[in-house]
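Topology and contacts: notes
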Amino acid sequence: NDVEFLPEISAVKYTGEKTEIHISANRFYRLPSFTELYYEDLVNKGDPSLKKESSLNYTLGSSLSNYGILKKVSCDLFLRDESNIIDWLETAPGSKKYNAVNVGSIRRQGVELRAGFALRGGLAALPGAVVVHGEDLEEDLAVLFWIGRSGHQHPEDGSAHEDQRLASPPSA
């Protein structure tokens, strides 16, 4: 039974009534899923010896809140150093059989843009986009779009609760 220490530090500087600058750093890990560990069929095979993914994450950003119909607009720069990435790789070229494996490490850096719009009935639309640049893996540049970002306002304090889903980039 391993115990992990996952430190996080964040700071916010309010530069005006509606603006802020924020910075954060943290350590994160993700355990392999049951499927990645144990699933097996004619095409896929999990691996019970997979290591957990881990990362060091850094963010610097700024946001503007409550400006007309805009509830929030933000821009974040980020850097993630990830290791023991888990992926499904083809066992041999053209075999169409895949094994779950730890494929190595990657450094990802990019920018995330978000905007929240107030809608009728206490609803909010929260579209955004992420541009990621990764080093040390097959793809050098991926553009990912946040889709299905919806939220509702909490009746007591007005805070938004978000449901975030990330779409994969289209295949080349």
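A brief look at the structure comes next. Keep in mind that this is a model prediction, so the values were computed, not measured.

If you tally the helices and strands in the protein, you get one helix and 10 strands. If you list the helices and strands of the protein from N to C, you get β-β-α-β-β-β-β-β-β-β-β. Pairs at least 24 apart in sequence give 47% of the contacts found in the protein among residues at least 6 apart.

Here the focus is unusual backbone geometry. Even without glycine at this site, N84 takes up a positive phi of about 55°. For N84, the position within the fold is in strand β5 (residues 70-90). Positioned with a positive phi, K96 is a non-glycine residue whose angle comes to about 55°. Relative to the assigned elements, K96 resides in the loop between β5 and β6 (98-118).

What follows is about the pairing of strand β4 (residues 53-67). Pairing analysis gives 12 bridges linking strand β2 (residues 19-30) to β4, with the strands arranged antiparallel. Within β4, the position partnered with F28 by the bridge is S55. Sheet topology places β4 next to β5; 13 bridges connect them, and they run antiparallel. Its bridge partner lying in β5, L64 is registered against V73. The turn linking β4 back onto β5 is made up of two residues, and G68 within it adopts a positive phi angle of 65°.

Here is what the cut-offs are and how they apply
Here the residue numbers are simple positions, counted from 1 along each chain's written sequence. With the structure being a predicted model, the display of local features is reserved for residues of pLDDT at least 70 and the display and counting of side-chain atom pairs for 80 or more, all residues being used for whole-chain, interface and lining totals. Side-chain measures were taken over the full set of non-hydrogen atoms in the model, leaving aside hydrogen atoms and water. Working definition: helices are DSSP H or I runs of at least four residues, strands are E runs of at least two. Numbering for both runs from the N terminus. In what follows, residue pairs with any heavy atoms lying within 4.5 Å of each other are defined as contacts. Here, a strand pair is defined by DSSP locating no fewer than two bridges between the strands.

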